[in-house]
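This is what each chain is made of:
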Amino acid sequence: MSGMSESDKEVQLAKQEGGKKELKEVKEKGKLMDEMRVKLGLVKEEEELKHLCIYNVPSKLRKVKLDAYSPRFVSIGPIHRKSLLVAAMREPKWSYMLNFLTRTENPIACLEKLTNTVYGLDRKVRRCYAEEIKPNKNELTEIMLLDGCFILQLFLLNFLGEPDPILQNAWKKASLSQDLALLENQIPFFILEELYATVLPLVSKKCNSPSSVASLALKFFQPLSPKSREGDQLVDIKFKHLLDLLHQSYFFPAEHAITMDNGCRSEPDPENTKKWGFNYCASELKESGIVFRTNESAESLLHISFTDPAVLSIPRLSINETTNSLFRNLIAYEQCSLGSKHFVTSYAVLMTSLIRSASDSKLLRAEGIIKHSRLDDKEYLVQFQSILDEVVVKDDFYFGQVCDKVTEYCKSWCNWRKLQVFLKARFLRDMKQLYSTYFSSTWSIISFLGAVVLVILTYLQTYYTMKA
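Figured I'd write up the structure that's included with this text.

The rules behind each value
- Residues numbered from 1 in each chain as written.
- Predicted model: local features only at pLDDT ≥ 70, side-chain atom pairs only at ≥ 80, totals over all residues.
- Heavy atoms only, no water.
- Helix = DSSP H or I, 4+ residues; strand = E, 2+ residues; numbered from the N terminus.
- Buried < 20%, exposed > 50% of the residue type's maximum accessible area, 1.4 Å probe, protein only.
- Contact = heavy atoms within 4.5 Å.
- Areas by Shrake-Rupley, 256 points an atom, 1.4 Å probe, with all protein chains shown as cover.
- Pairing = 2+ DSSP bridges.
- Phe/Tyr/Trp six-rings, centres within 6.5 Å; stacked < 30°, edge-to-face > 60°.
- Lys NZ or Arg CZ within 6 Å of the ring centre and 35° of its normal.
- Salt bridge = Lys/Arg side-chain N within 4 Å of Asp/Glu carboxyl O.
- Axes fitted to C-alpha atoms, helices over the stretch in contact; angles between N-to-C directions.
- Parallel < 35°, antiparallel > 145°, perpendicular 65-115°, else oblique.
- Left-handed = near helix turned anticlockwise from the far one by under 90°.
- Nonpolar A, V, L, I, M, F, W, Y, C, P; charged D, E, K, R; others polar.

1. Details of the overall build of the protein chain
For the protein chain, the count of helices and strands is 19 helices and seven strands. Buried residues in the protein chain amount to 45% of all 468 residues. For the protein chain, the proportion of contacts with a sequence separation of at least 24, taken over those separated by at least 6, is 73%. Total accessible area computed for the protein chain in this model is approximately 26,500 Å², and 56% of it derives from carbon and sulfur atoms.

If you want it as C-alpha cells, here you go:
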C-alpha cells in the first residue's frame, strides 16, 4: 500500500466505498422484501373474503348523517367498545349476562361450557370483520360472550314478557333497537346460535322459549311490514348477523317472479341500465289514471307489481323512529358486501322517486301504502330525502320491469281509462282553480249568485215578452 501512487490509492478507496454502498443497498432491499412478505401474508385470500360481513361504514356515507351509523346507547362487538357514548351500559351488560346464566340450573358450569365454545371460534370470528381486530384471543372471547349473552337475555325478556327497566322505557328500547341494527355494531350470528343452542335445553325446562334465535330477534324488532316472515319460516337460511337477518326478512325476492300479458311483477333485470326509479311522482301517476293499492298479502317489501287495469300494488311500509337509521345501515351493508344484490337500495330509489313532495307522501299515506303516524308529511321528506346521497348504484335495479311498464303506460294515449281519469283530474283541477280565483270570499260567492239570478230573470223577462 505504501508503494502505491496517490492515484492508485484513490481508486482503491473508491472501490471500498462502492462496496459499502452496494452492501447497504442489499440490506435495505432485503428489509423491503421482508416487509412486503409480512404485508402479503396479511392479505385475505379469496376464500377468506367470503366470510366478511361486518364492515366499517364508508366515510362518504357517514358524513351524510353521522348519528345514523354509531351506537348511542350500547356497543356490540369490538368496533365501538371504547366509545364514551355507550360507557353507561358497560356494567349493566354484566348484569344481563349473569341473569342469562342463572336461567340454567348450574350457572358456573354453563359459563365454562359457553367459554370453551366461543374460545375455539376466535379465528372464525376475526375473519368476519373487514378491519383488523386488535383485542387478543381472551379479550375477544370475553366480548363475544358478554355481548352475546346480553342480546339473548334481552330477547328472552322481551319474548317472555318479563319485567325489565330498559324494555319498559320507550326511549331506551327504541335506542336499543336502533343500535342492534347498526352495521358496525354487530357480532357474528353463529355466536348467538352457539350460545343459544348450548343453553336452550336448560332454559326450555323453565320457560316456553322458541327454538331459534331468529324467532327471538324478529319478535324484538318493530316490523317494517305487517306481513313480514316469522322466524320459523327462516330455519333453513344462514344469517351473518342481526342486520343481515332483517335484510333477508323484509327484503327477499319473489320465488317465482313472472311477467305476463296482464301484469308485471318486480324481478331483477341485469340487462336494465336505464335510470333507476319512476319517471313520474305519485301525484303524476295518479293523474295518469294509475290506481295505488296496498298489497296486503305481501311478505316482502320487494313484492311490488303493476297489473291491468293500471293498478300499482305496493306492500305497506310501517315507519317508526328507527326506520331511517335501519334503511341507511341496510344500504351501507349492500354497498360494502361483495357480490350483494341491491334490494334495499332498489326499494329506496323506487320510493324516493314516487315521493318527491309532501303531497306525494300524503297520497301514499291515504292509500295505506306508508304508515307514519308520528311524522307529518314534511318531516318524512326531511328524514328520507338524503337517504341515497353518496350511494353508488350498479346495473341491477330490481324494479326495472315494473318501471318500464309504468313508463310505457304513461306515454301511451290509446287507453280509454287513462283518458277518463286525465279528463276528470283536469276538470277537477280547473274547477279548483276557478273556485280559488273567483270564490275565495263570501262576498264573491254572493256576487256570483246575484249575477246568476239576474241572468235568469233577464232571460225570463225576454221569454215572456216575446211570447206575449
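From this point, the discussion proceeds with the structure in view.
2. With respect to helix H10 (residues 213-220)
Residues lying three or four places apart along an α-helix face the same way, a consequence of the helix completing one turn every 3.6 residues. Extensive coverage of H10 is indicated by the burial of seven of its eight residues. Those residues of H10 not exposed but buried are Val213, Ala214, Ser215, Leu216, Ala217, Leu218 and Phe220.

3. Focus on the pairing of strand S5 (residues 311-314)
Here S5 shows a buried face lined by Val311 and Ser313 and a second buried face lined by Leu312 and Ile314. Sheet topology note: the strand S3 (residues 291-294)/S5 ladder contains four bridges and is parallel. Counterpart to Arg293 in the pairing with S5 is Ser313. Across three bridges, the pairing between strand S4 (residues 305-307) and S5 is antiparallel. When the sheet's bridge partners are listed, Ser305 is paired in S5 with Ser313. The hairpin turn running from S4 into S5, its antiparallel successor, is three residues long, and Ala310 in that turn takes a positive phi close to 60 degrees.

4. Considerations on the packing of aromatic side chains
Summed over the entire model, instances satisfying the criterion amount to 14 aromatic pairs. Considering the side-chain rings of Phe251 and Phe327, the 5.9 Å spacing of their centres and the 80 degrees angle between planes classify their relative orientation as edge-to-face. Linking Phe251 in the loop between helix H11 (242-250) and strand S1 (259-260) with Phe327 in helix H13 (residues 323-336), this pair joins segments that are 76 residues apart in sequence. Look at Phe327 and you get buried, because its relative accessible area is 3%. Among the aromatic residues, ring-to-ring pairing joins Trp276, Phe343, Phe397, Tyr398 and Phe399 into one connected group. Stacked on the ring of Phe190, the Lys or Arg Lys124 has its end atom at 4.4 Å from the ring centre. When the ring centre of Phe220 is taken as origin, the NZ or CZ atom of Lys173, which lies over that ring, is 5.8 Å away.

5. Things to note about the side chain of Ser361
Position of Ser361 among the secondary structure elements: in helix H15 (residues 358-366). Ser361 sits in the buried class, given a relative accessible area of 0%. In this structure Ser361 touches Ile355, Ile370, His372, Asp377 and Tyr380, once residues within four positions along its chain are discounted.

6. Some details on the pattern of salt bridges
A complete count under the given rule lists six salt bridges for this structure. Arg103 is the partner of Glu162 in a salt bridge, and the nearest nitrogen-oxygen pair spans 2.9 Å. With Glu162 in the loop between helix H7 (137-160) and helix H8 (170-179) and Arg103 in the loop between helix H4 (90-101) and helix H5 (107-119), this residue pair connects regions lying 59 residues apart in the sequence. We classify Arg103 as buried; its relative accessible area is 11%.

7. Comments concerning the packing of H7 against H10
Geometry of a packed helix pair, given as the angle between the helix axes and the separation of the axes. Two numbers describe how H7 lies on H10: the axes approach to 9 Å, and their chain directions differ by 65 degrees. Here H7 is positioned roughly perpendicular relative to H10, judged by the angle of their axes. Along this stretch, H7 crosses H10, giving a crossing that reads as left-handed. Counting all contacts with H7, which are made through Leu152, Leu154, Phe155, Leu156, Asn158 and Phe159, the residues of H10 involved are Val213, Leu216, Ala217, Lys219 and Phe220. Looking at the contact of H7 with H10 residue by residue, the classes come out as nine nonpolar, one polar and one charged.

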